[in-house]
Amino acid sequence: MEDFHGLIGLRRAFRAGKTRGIEWRMCQLRALLKLVSENEARFFEALEQDLGKHPVEAYRDEIGVLKKSADHALLNIKKWMAPKKGHLPLLLFPSRAEVLPEPLGTVLIFGSWNFPISLTLDPLVGAISAGNTVVVKPSELAPACSSLICQTIPLYLDREAIRVVEGGSDVADKLLQQQWDKIFFTGSPRVGRIIMTAAAKHLTPVTLELGGKCPVILDSFSESDLKVVVKRIVGGKWGPCAGQACIGIDYLLVQKKLASHLIESLKACIKKFYGDDVKSLQSICRIVNKNHFDRVCSLLEEPSVGASVIYGGSLDRENLMIEPTVLLDPPVDAPIMTDEIFGPLLPIITLDKIEDSIDFINARPKPLAIYAFTHNNKLKDQILQETSSGSVTFNDTMIQFICDSLPFGGVGQSGFGRYHGKYSFDTFSHEKAVLHRSFYLELEPRYPPWNDFKLEF
Ligand code: NAD
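In short, a report on the structure. (Residues numbered from 1 in each chain as written. Predicted model: local features only at pLDDT ≥ 70, side-chain atom pairs only at ≥ 80, totals over all residues.)

A closer look at the site of the ligand
In the neighbourhood of the ligand, 26 residues make up the surrounding shell, with Ala172, Gly187, Val191, Gly211 and Cys246 lying closest. If one sorts the elements of the shell around the ligand by residue count, helix H7 (residues 169–177) sits on top with 3 residues. Residues belonging to the shell around the ligand are distributed by class as follows: 11 nonpolar, 10 polar and 5 charged. (Near = placed C-beta within 6 Å. Helix = DSSP H or I, 4+ residues; strand = E, 2+ residues; numbered from the N terminus. Nonpolar A, V, L, I, M, F, W, Y, C, P; charged D, E, K, R; others polar.)

And the structure:
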C-alpha cells in the first residue's frame with residue numbers, strides 16, 4: 001500500500017503512544033511558540049506577500065492569536081487531560097465513574113487563506129493538545145504562508161507525528177480519499193459538502209468552520225456612544241483582511257430615521273482610518289486574487305446595486321484593491337444580499353423599526369455571528385431568544401474571536417463543531433466513559449430466573 005505523505009508513519013506513531021503523554025504535547029506546543037517567535041519577521045513578510053497584510057494587523061489577527069492559544073493550552077492542558085468524575089446513581093453503589101478524554105488518532109486539518117497562519121495553526125494547537133498525530137493542509141491561495149508553514153513545521157515539530165501537505169483541490173481530493181479519525185475544515189459551504197461526503201465513507205467525524213452573512217443590528221445611540229459604535233463597525237468591517245473574514249460584518253440593519261446620520265459618521269471614520277484614494281489606500285489588505293476580486297466586483301454590477309453605492313466603489317484590479325464601499329438599500333434579492341460578500345462592501349438596509357431586524361435575519365440562513373449595538377435589554381433578549389447563530393456579540397464586532405472561554409463555530413449553514421480554548425481540546429478528543437465496579441454488594445434481582453418477587457422488587 002502506498003504511504004501517502006507518510007500517513008502510515010503517523011498512524012504507527014499514534015499507535016505506539018508517542019503523542020499521548022503530556023510531556024510530548026507540551027513540548028510540541030512550546031516548539032510551536034518557538035517557531036512563531038523565531039520566524040515572526042518571515043511570517044509578516046509572507047502575509048504581506050499573500051494579502052498585503054500590515055505587520056500590526058498580522059500580529060493582532062494571526063501571530064498574537066496563535067501565541068495566545070498555545071499559551072492558554074500550555075497553562076490548562078493538565079487540567080483538560082485529567083479524568084472528570086461522573087455522578088453515580090445509588091443503584092451502582094459502590095462504583096466509580098469517570099470521563100476520560102482520549103486522542104482521536106490521526107487527524108486532517110484544512111486551513112484557509114484569509115488568516116492563513118492563525119486559521120491553520122490554531123486548530124493544530126487543539127490537535128496537539130489532545131494528543132493526535134496530524135496532517136495540516138494550508139490553503140494554496142496563500143502560497144507564501146503555505147510554503148513557510150511547510151518549511152518551518154518540520155524544523156521545530158515532531159516529524160513523526162506532524163506533517164504539512166501543500167497543494168490545491170487535487171491534493172485535497174487525494175487527502176480526502178484516505179481514512180482519518182477527524183477532519184477539521186475551514187472554508188466555504190460548497191467545499192464543506194465535499195468534505196462531508198468524503199468523510200461519510202469512513203464515518204469520519206468532521207468539524208466544518210464555514211461562513212455566511214453576519215449582520216449588524218444598530219439601535220439608536222447617544223452622540224458620544226455613536227462615535228465608539230462607528231469605530232467598532234468600521235474597524236470590524238474593513239480591519240480584519242479587508243472584510244475577507246468569516247465573522248466579518250456582511251450587512252448592517254438600521255432604522256430609516258437614523259440612517260443619514262449614521263452614514264455621515266461612517267464616511268468620516270472610513271476616511272480617517274483608511275484614507276480615500278484607492279491607489280494609496282492605507283492599512284487595508286488587498287483582495288486575495290483576481291478570481292475573488294472579480295467575484296466581489298460582480299456583486300456591484302447590477303445597475304440597481306451600483307446605484308445604491310453611497311461611498312467608495314473605486315476598483316483597482318491591477319493591485320487587487322477595492323475601496324471601502326457602502327451601499328444604501330440595495331435590492332434584497334440581488335446577489336450582494338443573498339451571497340456571502342467576503343470583501344470590503346457594506347450594504348446598509350433600512351427598516352421601519354429595529355425589531356424588524358429579527359424577521360430579516362430569520363428569513364436567511366443562520367449566520368456565523370450576529371452583532372447588535374443596543375442598550376435595550378428587551379431587544380437583546382429578543383435577539384438571543386428569537387434568532388439562531390454561531391455567536392452573538394453585543395456592542396462590539398469580531399472581538400469574540402479571541403475569547404478562549406467561548407466556543408467558536410457555526411450552526412446550520414455556517415457550519416458545525418466548535419473550537420478555541422478547551423473547546424479545541426474537546427474537538428480533537430473522544431470522551432471515553434469509564435465505570436469502575438466493585439465486588440461488594442450484589443443485586444441478585446438483576447439476574448434470571450424472573451419471578452413475581454423480582455417484579456415487585
Ligand atoms: P474554499 O472552500 O474554496 O477552500 C478551502 C479549502 O478547500 C482549500 O484548502 C482548498 O484546497 C480546498 N478545496 C477547494 N476545492 C476543493 C475540492 N473540490 N475538493 C476538496 N477540497 C477542495 O474556501 P475559501 O475560498 O478558501 O474561503 C472562503 C470561505 O471560507 C467563506 O465562505 C468563509 O466564510 C469561510 N471561512 C470560514 C471561517 C471560519 O472560521 N468559520 C474562516 C475563514 C473562512
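Some remarks on the sheet that holds strand E9 (residues 249–255)
Judged by pairing direction, the sheet is mixed, and its 7 strands sit side by side in the order E10-E13-E14-E9-E8-E15-E16 without closing on themselves. Of all strands in the sheet, those with a lone pairing partner are strand E10 (309–311) and strand E16 (391–394), marking the two edges. Between one strand and the next, the sheet's axes are offset by a mean angle of 25 degrees, whatever the strand orientation. Alignment of strand E15 (residues 369–373) against E16, held across 4 bridges, turns out to be parallel. By the bridge assignment for E16, Ile370 is matched with Val392. With respect to the sheet, helix H9 (residues 223–238) is in contact with strand E8 (214–218), E9, strand E14 (345–351) and E15, its orientation differing from that of E9 by roughly 155 degrees. (Pairing = 2+ DSSP bridges. Axes fitted to C-alpha atoms, helices over the stretch in contact; angles between N-to-C directions. Contact = placed C-beta atoms within 7 Å.)

Some remarks on the nonpolar core
Judged by nonpolar contacts, the single largest core of 119 residues is most densely connected at Val107, Ile109, Leu218 and Leu252. Broken down by element, the residue count for this core peaks at 8 residues, all from helix H4 (residues 55–81). Among all residues touching Leu252, those that are not within four sequence positions of it are Val216, Leu218, Leu346, Ile348 and Ile349. (Core = buried A, V, L, I, M, F, W, Y, C linked by C-beta atoms within 7 Å. Buried ≥ 20, exposed ≤ 12 C-beta atoms within 10 Å, placed from the backbone.)

Regarding the sheet that holds strand E3 (residues 106–110)
Sheet strands pair by backbone hydrogen bonding; their relative direction is either parallel or antiparallel. With mixed pairing, the 6 strands of this open sheet are ordered in space as E5-E4-E3-E6-E7-E17. With partners counted over all chains shown, the strands left at the sheet margins are strand E5 (162–164) and strand E17 (415–416), one partner each. Across 2 bridges, the pairing between strand E7 (residues 206–209) and E17 is antiparallel. Each bridged residue has a counterpart across the sheet, and for Leu208 the counterpart in E17 is Phe416.

Focus: H7
Where H7 is concerned, the buried positions are Ala172, Leu175 and Leu176. Looking straight down H7, one finds that the buried residues subtend no more than 100 degrees of arc, so they occupy a single side. With respect to the buried face of H7, the exposed residues turned more than 90 degrees away are Asp170, Asp173 and Gln177. In this fold, the buried residues of H7 make contact with E3, strand E4 (133–137) and helix H8 (189–201). (Arc of directions from axis to C-beta.)

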